[in-house]
Amino acid sequence: MNEALYHFYYQFHTHQHYFLCHDILEELWKSKPNFSKKDAIVSLILFSTAMYHYRRHNKLGALKSFKKALYTFNHAKDKETLGLKVNEFNLLIQKQIEKVKYNQEFQPIQLPIKPYVEKEIIHSYPSYEYMSQINNDDMIVHHHRLRDRSDVIAARKEALKNKRKKS
């Protein structure tokens, strides 16, 4: 889990690639045999989704995702597995909810990572750093619309074709 989590924190802070962050942790989460929506990791998945929506000015989507992230985090029993300062992350989510409610502009944020985790991230990703300027790269900001989805589309066509054969 650690390597995927480090990759998540690297992408979150250095590139602000929130969509990729969601994908990184969702893949990790679903690879677990008994994964549950109550797992603490889901709060980070939802938080990165909220940041993606917030930067794209989808305040309703951001607010909904931040609230779900807060609820999930508060009810998770495995919070310590995230390498975060628990109380600070809880407050950070609440602060993000307030910012969206009061129509404050999006700003990148720094997650409250524990120092020993940050050292491991730097070891794995020497270029790791928190970028305070907003990354406006279209391929990152609008990733869900601009990414290559040819494999997904082909798989859906194949599934439809197989379904029609069975009918």
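Residues numbered from 1 in each chain as written. Predicted model: local features only at pLDDT ≥ 70, side-chain atom pairs only at ≥ 80, totals over all residues. Heavy atoms only, no water.

Undergrad: Talk me through the pattern of salt bridges; I want residue IDs and the actual numbers.
TA: Scanning the model with the defined rule gives three salt bridges in all. Linking Lys114 and Glu80 is a salt bridge whose minimum nitrogen-to-oxygen distance equals 2.6 Å. One end of the pair, Lys114, is in the loop between helix H5 (86-101) and helix H6 (115-124); the other, Glu80, is in the loop between helix H4 (59-75) and H5, and 34 residues separate them in sequence. In this structure, Lys101 engages Glu98 in a salt bridge whose closest nitrogen and oxygen atoms are separated by 4.0 Å. One end of the pair is Lys101 and the other is Glu98, both in helix H5 and three residues apart, which spans about a single turn. (Salt bridge = Lys/Arg side-chain N within 4 Å of Asp/Glu carboxyl O. Helix = DSSP H or I, 4+ residues; strand = E, 2+ residues; numbered from the N terminus.)

Undergrad: An account of the packing of helix H3 (residues 40-55) against H5 is needed here, citing residue identities and associated values.
TA: Running from N to C, H3 and H5 cross one another at 30°; their axes reach a closest spacing of 12 Å. Comparing the axis directions of H3 and H5 gives the class roughly parallel. For the pair H3 and H5, the sense of crossing is left-handed. Note on element contacts: H5 touches H3 through Phe89, Leu92, Ile93, Gln96, Lys99 and Val100, opposite Ser43, Leu44, Phe47, Met51 and Tyr54. Looking at side-chain class alone, the contact of H3 with H5 contains eight nonpolar, two polar and one charged residues. (Axes fitted to C-alpha atoms, helices over the stretch in contact; angles between N-to-C directions. Parallel < 35°, antiparallel > 145°, perpendicular 65-115°, else oblique. Left-handed = near helix turned anticlockwise from the far one by under 90°. Contact = heavy atoms within 4.5 Å. Nonpolar A, V, L, I, M, F, W, Y, C, P; charged D, E, K, R; others polar.)

Undergrad: Tell me what's going on with the side chain of Lys79, and back it up with residues and numbers.
TA: As for its placement among the helices and strands, Lys79 is situated in the loop between H4 and H5. At 7.9 Å, Glu80 is the nearest oppositely charged side chain to Lys79, a buried residue that forms no salt bridge. Polar side-chain contacts of Lys79 include one of 3.5 Å to the backbone oxygen of Phe73. A polar contact of 3.4 Å, which involves the side chain of Lys79, links it to the backbone oxygen of Asn74. Apart from the residues within four sequence positions on either side, Lys79 is in contact with Ala40, Phe73, Asn74 and Val86. (Buried < 20%, exposed > 50% of the residue type's maximum accessible area, 1.4 Å probe, protein only. Lys, Arg positive; Asp, Glu negative; His and termini not counted. Polar contact = N/O pair within 3.5 Å; in protein donor to acceptor, adjacent residues only side chain to side chain.)

Undergrad: Residue-level account of helix H1 (residues 2-15), with values.
TA: The first and last C-alpha atoms of H1 sit 19 Å apart over 14 residues, in line with the 20 Å expected at 1.5 Å per residue. Among the residues making up H1, those that are buried are Leu5, Tyr6, Phe8, Tyr9, Tyr10, Gln11, Phe12, His13 and Thr14. If you follow the buried residues of H1, they end up packed against helix H2 (18-30), H3 and H6. Of the residues flanking the end of H1, it is Gln16, one or two places downstream, whose phi is positive at about 55°. (Expected span 1.5 Å × (residues − 1).)

Undergrad: Outline the confidence of the model for the chain, listing residues and values.
TA: When pLDDT is averaged along the chain, the result is 87, and 83% of the positions lie at 70 or above. Mean pLDDT across the elements of the chain bottoms out in helix H8 (residues 143-146) (52) and peaks in H5 (98). (pLDDT = per-residue confidence, 0-100.)

Undergrad: Tell me about the packing of H1 against H3, residues and numbers included.
TA: A pair of packed helices is captured by two measures, namely the crossing angle of their axes and the spacing between those axes. Taken N-terminus to C-terminus, the directions of H1 and H3 make an angle of 15°; their axes are 12 Å apart at the nearest point. Taken together, the axes of H1 and H3 are roughly parallel relative to one another. Once H1 is placed against H3, the crossing between them reads as left-handed. From H1, Leu5, Phe8, Tyr9 and Phe12 reach across to H3, where they touch Leu44, Phe47, Ser48 and Met51. When its residues are assigned to classes, the contact of H1 with H3 shows seven nonpolar, one polar and no charged.

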